[in-house]
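In case you want the letters, here they are:
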Protein chains: 2
Amino acid sequence: MKLKCIISYDGTQFAGYQVQPNKRTVQGELNRALKKLHKGTDINVSASGRTDARVHAVGQVIHFESPLNIPADKWEVALNSLLPADVALTHAEIVPDAFHARYDARGKEYRYSILRSANRDPLKRNYVYHYPYPLDTTRMKTAIPYLTGTHDFTSFCSARSEVEDKVRELKSIELIEDGDMLTIRFIGTGFLYNMVRILTGTLLAIGAGDLSPDAIPGILEKKDRIFAGKTAPAQGLYLWEVFYE
Amino acid sequence: MKLKCIISYDGTQFAGYQVQPNKRTVQGELNRALKKLHKGTDINVSASGRTDARVHAVGQVIHFESPLNIPADKWEVALNSLLPADVALTHAEIVPDAFHARYDARGKEYRYSILRSANRDPLKRNYVYHYPYPLDTTRMKTAIPYLTGTHDFTSFCSARSEVEDKVRELKSIELIEDGDMLTIRFIGTGFLYNMVRILTGTLLAIGAGDLSPDAIPGILEKKDRIFAGKTAPAQGLYLWEVFYE
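Residues numbered from 1 in each chain as written. Chains lettered and ligands numbered in written order. Predicted model: local features only at pLDDT ≥ 70, side-chain atom pairs only at ≥ 80, totals over all residues. Heavy atoms only, no water.

Chain A is annotated in an unreviewed UniProt entry as tRNA pseudouridine synthase A of Cytobacillus purgationiresistens. Quoted verbatim from the Subunit (unreviewed entry) field of UniProt, the annotation for chain A is "Homodimer." (UniProt positions renumbered as here; feature names shortened; annotations may be inferred.)

A few words on the UniProt feature "active site" (unreviewed entry) in chain A. All names here are of chain A. Feature annotation in UniProt places "active site" (unreviewed entry) on Asp 52, given in this structure's numbering. Residue placement: Asp 52 occurs in the loop between β2 (46-47) and β3 (56-65). On the accessibility criterion, Asp 52 (23% relative accessible area) is partly exposed. Setting aside anything within four residues of it in sequence, one finds Asp 52 in contact with Gly 16, Tyr 193, Asn 194 and Arg 197. (Helix = DSSP H or I, 4+ residues; strand = E, 2+ residues; numbered from the N terminus. Buried < 20%, exposed > 50% of the residue type's maximum accessible area, 1.4 Å probe, protein only. Contact = heavy atoms within 4.5 Å.)

All names here are of chain B. Relative to the assigned elements, Thr 25 resides in the loop between β1 (2-9) and α1 (26-37). At a separation of 3.0 Å, a polar atom in the side chain of Thr 25 contacts the main-chain amide nitrogen of Gly 28. Setting aside residues up to four positions removed in sequence, Thr 25 forms contacts with Phe 14, Gly 16, Tyr 17, Gln 18, Val 19 and Gln 20. (Polar contact = N/O pair within 3.5 Å; in protein donor to acceptor, adjacent residues only side chain to side chain.)

Expressed as a screw transformation, the operator carrying chain A onto chain B has a rotation angle of 180 degrees and an axial translation of 0.0 Å, and the superposed copies differ by an RMSD of 0.0 Å. Here the copies are linked by what is in effect a two-fold axis. For chain A, the minimum C-alpha distance to the rotation axis belongs to A:Lys124 and amounts to 5.3 Å. In this assembly the copies share their binding face: 100% of the residues contributing to the interface of chain A also contribute to that of chain B. (Least-squares fit on C-alpha atoms with pLDDT ≥ 70 in both.)

Residues and elements named next belong to chain A. The geometry of helix α1 (residues 26-37) relative to helix α2 (residues 72-80) is characterised by a closest axis approach of 10 Å and an angle of 110 degrees between their N-to-C directions. Judged by the angle between their axes, α1 and α2 are roughly perpendicular. Of the residues in α2, those touching α1 at Ala 33, Leu 34 and Leu 37 are Trp 75, Ala 78 and Leu 79. Broken down by class, the residue content of the contact of α1 with α2 amounts to 6 nonpolar, no polar and no charged. (Axes fitted to C-alpha atoms, helices over the stretch in contact; angles between N-to-C directions. Parallel < 35°, antiparallel > 145°, perpendicular 65-115°, else oblique. Nonpolar A, V, L, I, M, F, W, Y, C, P; charged D, E, K, R; others polar.)

Take α1(B) next. An α-helix turns once every 3.6 residues. As a result, residues three or four positions apart point the same way. Residues and elements named next belong to chain B. Between its first and last C-alpha atoms α1 spans 17 Å; for 12 residues at 1.5 Å apiece the expected length is 16 Å, and the two agree. In this structure, the buried residues of α1 make contact with β1, β3 (56-65), α2 (72-80) and β4 (87-95). Where α1 begins, the capping side chain belongs to Thr 25, and its oxygen is found 3.0 Å from the backbone nitrogen of Gly 28. Once α1 finishes, Lys 39 follows within two positions and takes phi at roughly 50 degrees, a positive value. (Expected span 1.5 Å × (residues − 1).)

Residues and elements named next belong to chain A. With domains assigned, chain A is organised as domain 1 (2-95) and domain 2 (107-243). Measuring from the centre of the C-alpha atoms in domain 1 to the corresponding centre in domain 2 gives 28 Å. Counting residues at the interface gives 15 residues for domain 1, matched by 14 residues for domain 2. Both sides of the domain 1 and domain 2 interface together cover about 1,200 Å² of buried area, and 53% of this is carbon and sulfur. (Domains from an automatic or database assignment. Buried area = accessible area lost by both parts, 1.4 Å probe.)

Structure representation (structure tokens):
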């Protein structure tokens, strides 16, 4: 049977989602746990997409096939007991054989957390980007309509990306202010490599007054990474949810 | 001049507050940073009290004397640049020479964080106690009046404690429920070794139905640690604030 699972992980001590030789990865831990559960048989795991080192996930989605006759509601307990403390299964369901975590994904939500306090917070250091400088969030909001919609996001994609088609639809960007926390929610049909972190860095440059909101159309048009803002640090980024039909 | 500073730390990677040979401690990091700032001169640091391994602090208070002529508002930047990411100064002020972080403390607030979700949360694993079993918080609240007030808290103190007088005044206990998070606030004039963790373990035993709220007076009277509940794990505990006159 085929299983679709939602997993959550703390990216702090991972070299990212995808397996790499001699590095601790989320996929590596999933492979190890599944192999143990299947008495030494390797089980292939597919995710909705990769996440980078130190990036977190609240709602990453994976799928795999298993010959084991475990009811859907027992998979959480079975796998969680074999996974390390920084990865957990939060949901499991049996899906049709045709389901694919990556190809069937219709959209994703990412969140980026910014801590605006004057002092850094030791308890949040791995979970937010500490940004102690003034920010004009009203100005940041003015930039949103220029970014949402269907665009070629080449300027907002790592130059290391090997994807050909860089047109994506960014459905919404929302700024949530709560005390000294600023969370930016991004919902879109798909995201390019480093796209959320570059969008965040660009919005911060606008909020800091270093960039004008109406510079966005020109940056998009240039199709060159160097014109957008800095790539915001990994530890503020969360893969929040993956949407399916 | 004498400085009073508020510090915050993430206890996860510390063997506790107090210096121990060959172990990473908060005091050890403060000593190292102060020595560097004072060009190799050792500076004695005193705290309001110790915290155990993995216990966090939002508002620990320390004092030290320094011959350096740094204005109070520059100490934060000066020391934070020398401290590791999991310790930070959040406030500094010049105080009279007679001030003592421990002897002048009039009370403290501790908070204990419990995550009641069915699944463990990898992102909170070092910051909460995951308690997935049913809890009757109304029943827990019923126990509060038996615990607050002035009592001999021997039953709620680690048997390893070497303190003679175990009479303390527990001013208030408050349960704050927010979704699947349950926070217990403890305010008192002083706390014994492991007292908050044993009080929490006892309140959880009451909430779980394993202990009756009206068993508390008898437990206090026994003056024996074995009659109270389990010691709740360290990672859910926060030294929240220290009160002075």
